[in-house]
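Below are the chains, spelled out letter by letter.
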Amino acid sequence: LIAHVGPDQGNALELASGTGQHISVLAQKFPQLTWQPSEVDADRRDSITAYITEAGLDNVAPVATLDATAPGWGAKHGGQSLIFLSNLLHLISDHEADTLIREAAQALAPGGVLIIYGPFMRDDELTSEGDIRFHTSLQAQDPDIGYKSDFDVLDWGVEAGLEVADMIEMPANNLSLVWRRVF
């Protein structure tokens, strides 16, 4: 995916890097990018550091403490050629997701790409029994979280000043939503 829609070089920020498995693979596969993992949870930051160290990656900066749902981080992490987020939007509220996208738009350099991967409703509809069960279980934990509608999320990016570049069907009924900052 990144090979088709991402930049050829520059700075790449992974939001909510989790354990560090993704950043380790991404940095190896795209060595022309300088990767910045980020995570709010201290234990996960330790795990990310361990993955990076074990892989011997020299194109990865030390993990940043960053809450991607908090206002203000975009100005502190500007100049990004690529921002990548995987499997978080369904675990946060609409307000937090909108804030994340607005901050990401601010952090992108002109021509920069934002990719958000994960499960989404398709035009406000859940499309499989598994998605219905998972979404229902998420909302039972917290009624403010759960799958977001693909078109709502795309609109949040447009409202933040981004241009929709692509919407790509992915395995396991997931989507990758892609925007580009044109200014």
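The rules behind these values
- Residues numbered from 1 in each chain as written.
- Predicted model: local features only at pLDDT ≥ 70, side-chain atom pairs only at ≥ 80, totals over all residues.
- Heavy atoms only, no water.
- Helix = DSSP H or I, 4+ residues; strand = E, 2+ residues; numbered from the N terminus.
- Expected span 1.5 Å × (residues − 1).
- Buried < 20%, exposed > 50% of the residue type's maximum accessible area, 1.4 Å probe, protein only.
- 1 Å grid on protein atoms, 1.4 Å probe; cavity = no way out; pocket = protein on both sides within 12 Å on 5 of 7 lines; lining within 4 Å.
- Points joined across faces, edges and corners; volume = space filled by probe spheres on them.
- Nonpolar A, V, L, I, M, F, W, Y, C, P; charged D, E, K, R; others polar.
- Pairing = 2+ DSSP bridges.
- Right-handed = clockwise from strand over helix to strand, strands pointing away.
- Lys, Arg positive; Asp, Glu negative; His and termini not counted.
- Salt bridge = Lys/Arg side-chain N within 4 Å of Asp/Glu carboxyl O.
- Polar contact = N/O pair within 3.5 Å; in protein donor to acceptor, adjacent residues only side chain to side chain.
- Contact = heavy atoms within 4.5 Å.
- Core = buried A, V, L, I, M, F, W, Y, C linked by side-chain atoms within 4.5 Å.

## Some thoughts on helix α5 (residues 94-107)
Now for step 1: The end-to-end C-alpha distance of α5, which contains 14 residues, comes to 20 Å, matching closely the 20 Å that a straight helix rising 1.5 Å per residue would cover.
Now for step 2: Turning to α5, its buried residues are Ala97, Asp98, Thr99, Leu100, Ile101, Glu103, Ala104, Ala105 and Ala107.

## Observations regarding the layout of surface pockets
Now for step 1: Reported here for the largest pocket is a volume of approximately 420 Å³.
Now for step 2: Around the largest pocket sit 19 residues that line it, and Ala16, Gly18, Glu39, Arg44 and Leu88 are the ones nearest its centre.
Now for step 3: Looking at side-chain class alone, the lining of the largest pocket contains seven nonpolar, nine polar and three charged residues.
Now for step 4: When its volume is computed, the second largest pocket comes out at roughly 220 Å³.
Now for step 5: Leu1, Ile2, Gln21, His22, Val25, Leu26, Lys29, Phe30, Phe84, Ser86, Tyr117 and Met170 are the residues that line the second largest pocket.

## Section: the pairing of strand β4 (residues 80-86)
Now for step 1: Across the seven residues that make up β4, a large majority, seven, are buried.
Now for step 2: Pairing between β4 and strand β5 (residues 108-121): six bridges, direction parallel. Residue pairing for β5: Leu82 is matched across the bridge by Val113.
Now for step 3: Handedness of the crossover joining β4 and β5 through α5: right-handed.

## Focus: the side chain of Glu103
Now for step 1: Note on placement: Glu103 falls in helix α5.
Now for step 2: Despite its burial, Glu103 remains without a salt bridge, the nearest opposite charge being carried by Arg102 at 7.1 Å.
Now for step 3: Side-chain polar atoms of Glu103 contact the backbone nitrogen of Trp73, separated by 3.3 Å.
Now for step 4: Apart from residues lying up to four places away in sequence, Glu103 is in contact with Ala70, Pro71, Gly72, Trp73, Gly74 and Ala75.

## Concerning the nonpolar core
One broad rule of soluble globular proteins: the nonpolar side chains tend to lie buried together.
Now for step 1: With 28 residues, the main nonpolar core has Leu15, Leu100, Leu114, Ile116 and Trp179 as its most contacted residues.
Now for step 2: Taken together, the elements giving at least two residues each to this core come down to β1 (10-15), β4, α5, β5, α7 (150-159) and β8 (174-180).
Now for step 3: Discounting residues that sit within four places of it in the chain, Leu114 has contacts with Ile83, Ile101, Ala104, Leu108, Leu162, Leu177, Val178 and Trp179.
Now for step 4: Residues Ile2, Ile52, Val63 and Val113 belong to the second largest nonpolar core, which totals 20 residues.

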